[in-house]
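Chain by chain, the residues:
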Amino acid sequence: MKQRQIVSIDQIRQQEEICAQIFERITAGGQRPLAMVDTYGCQQNEADSEKLRGYLAEMGYGFTKDEFQADVIVVNTCAVREHAEMRVLGNVGALNHSKKARPGQIVAVCGCMVQQEHMAEKIKKSYPVVDLVFGPHELWRFPALLDQVQTGRKRVFSAAPSEGAVAEGIPLQRDGNGVKAWLSVMYGCNNFCSYCIVPYVRGRERSRMPGDIIAEARALVAQGCRDITLLGQNVNSYGKDLPDGVDFADLIRMINDIPGEFRIRFMTSHPKDATEKLFQTMAACEKCCHQLHLPVQSGSDRVLKRMNRCYDREKYLQLVALARRYMPDLVLTTDIIVGFPDESEEDFEDTLSLCEAVRFDAMFTFIYSKRVGTPAATMPDPYTRADKQRHFDALTALANRISAEKHRAYEGQTLRVLIDGETGKDDYNLASRTDGGRLVHLKGDPSLVGRFAEVRITASNTWALYGEINESFEF
Ligand code: SAH
Ligand code: SF4
Ligand code: F3S
């Protein structure tokens, strides 16, 4: 087993000392400067932004969503598709205006996009508005990097290639109202699906120690958190790099044993590593939601092989059947890529037929996007953008029809939900989630946020359910 790379507690303490120095410097005038953190991409990035905000809060910054009010702007980027990168570049370019209006404003760009050398170079050359660039592997030393920019009055670029480390003890400022939380259990990915940039920018798979995860989960529950989502690019391979043989199912059991009323969810699961033990554990642990995000990507064996997904259509269908045997009420969602290089009409038909066979509760569909440096980027592709769009539209229509049908089947049922926020709307003012993660809009007193409730589903559409709270239910 390879040596685990760990950022030591002393290294994190040094960063916190730098935060204290920055605090002295920036609050010396009696004012509280403001920071803005803008996040793109997946839940991993959202969890990283909670760390960036944790550090910024220790430095003494307050927070704003208005770039014209911000003294420090951090843009946490995603590289998974070209569209995500274009949005980031457009928005970073537009920061010229706020920087002109607010001399001294510091603009930092971090995250997956800038971990790619060509993107870091592009920003260096073409985006002079950017003062600081750092990749996901450098996040733990954000205070030192920001300090260099502030005291050296120079641009700092720090995104060297790395396999990645595990850093514990970074302060966190969590998003939201405290009802739900992300909890990263592992970082990186080893799968190298042929289309995907994530393994190149996030490094190799590395698991946090079970003790650190349990301690964080306990603290969340003690603070009133009712819904914990365990995060990783491929949570099913949790623990493979740890010495003590704890796997993901064991970890769920340990978290399930923490006293308190809360729920456990997780994402994402790779089909090649999903096991019967996992499904058994999900069914047996009363706090674990019967919800599984199991990206299939394609229904065609030829495409799956060229994607390097390491399973075929039959294996996927068997897995779904097995999971449903343990959890007949399982809510199953997936990701699908349309227009992978050389995906034919026949391949696409196979994807449609798989979706009809499985009947996913929701599908996240993407048009293939070429990523520099990945094997798929050099695969020949005779199909046009119009072909891909046509397939995408057909798949979206199918996904929407099935979601609407599945939602309609809930009408008249009574379900347990967690009321997790306000919608800001007058008619249905509360948002809640079923154990399976389906969104239910409700009417009720805002003081119910954070409470479990029993609701009767009265209406539905493609995206959500609508319900009435059963007032006689004992909270
Ligand atoms: N680790 C997760 C997903 C990470 S990325 C998993 O393996 O399931 C989220 C989704 O983005 C993927 O499931 C895939 O459907 C999509 N995706 C990744 N790379 C892509 C690309 N180059 N073009 C289009 N979609 C992509
Ligand atoms: Fe990308 Fe595949 Fe890893 Fe998911 S499992 S992050 S799709 S390489
Ligand atoms: Fe994007 Fe990085 Fe997540 S590429 S999807 S933010 S891991």
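All residue numbers refer to position in the chain's written sequence, counted from 1. Starting at A for chains and at 1 for ligands, labels are handed out in the order in which the entities are written. The predicted nature of this model means local features are confined to residues of pLDDT at least 70 and side-chain atom pairs, given and counted, to a pLDDT of 80 or more, with totals for whole chains, interfaces and linings taken over all residues. Excluding hydrogens and water, the side-chain values take into account all heavy atoms of the structure.

1. As for the sheet that holds strand 19 (residues 439-442)
(1) Moving on: Following DSSP output, two strands are said to pair if at least two bridges run between them. In DSSP terms, a helix is any run of H or I states spanning at least four residues, a strand is any run of E spanning at least two, and both are numbered starting from the N terminus. Around the barrel, which closes on itself, the five strands sit in the order 17-18-19-21-20 with mixed pairing between neighbours. Taken over all neighbouring pairs, the strand axes of this sheet differ in orientation by 50 degrees on average, direction set aside.
(2) Moving on: Strand direction decides the pairing type here: strand 18 (residues 430-434) and strand 19, joined by four bridges, are antiparallel. Counted as the bridge partner of Leu430 is Leu442 from strand 19. Whenever a helix is involved, its axis is fitted only over the stretch in contact; in every case the axis is a line through C-alpha atoms, and angles between N-to-C directions fall within 0 to 180 degrees.

2. Observations concerning the sheet that holds strand 5 (residues 106-111)
(1) Moving on: Sheet architecture is open: six strands sit in the order 3-2-4-5-6-7, paired in parallel fashion. For this open sheet the edge positions go to strand 3 (62-63) and strand 7 (156-158), each flanked by a neighbour on one side alone.
(2) Moving on: Bridge analysis of strand 2 (residues 34-39) against strand 4 (residues 72-77) gives five bridges, and the strand direction is parallel. When the bridges of strand 4 are listed, Thr39 appears paired with Asn76.

3. Some details on the packing of aromatic side chains
(1) Moving on: When two rings of Phe, Tyr or Trp (its six-membered ring) have centres within 6.5 Å they constitute a pair, described as stacked for plane angles under 30 degrees, edge-to-face for angles over 60, and tilted for the intermediate range. Under the definition given, this model contains eight aromatic pairs.
(2) Moving on: With a centroid separation of 5.4 Å and an interplanar angle of 25 degrees, the aromatic rings of Phe134 and Phe142 are classed as stacked. Each member of the pair, Phe134 as well as Phe142, is classed as buried.
(3) Moving on: On the basis of an interplanar angle of 85 degrees and a centroid distance of 6.3 Å, the ring pair of Tyr195 and Phe340 is categorised as edge-to-face. With Tyr195 in the loop between strand 10 (186-187) and helix 6 (198-202) and Phe340 in the loop between strand 15 (331-338) and helix 12 (345-358), this pair connects stretches of sequence that are 145 residues apart.
(4) Moving on: Accessible area is worked out with a 1.4 Å probe on protein chains only. A residue is then buried under 20% of its type maximum, exposed over 50%, and partly exposed in between. Relative accessible area serves as the criterion here: at 0%, Phe340 is assigned to the buried category.
(5) Moving on: Taken together, Tyr195, Phe340 and Tyr368 form an aromatic cluster joined through their ring pairs.
(6) Moving on: Any Lys NZ or Arg CZ that is within 6 Å of a ring centre and within 35 degrees of that ring's normal is treated as a charge sitting over the ring. The ring of Phe366 carries Arg81 above its face, with NZ or CZ at 3.8 Å from the centroid.
(7) Moving on: The ring of Tyr428 carries Lys443 above its face, with NZ or CZ at 4.9 Å from the centroid.

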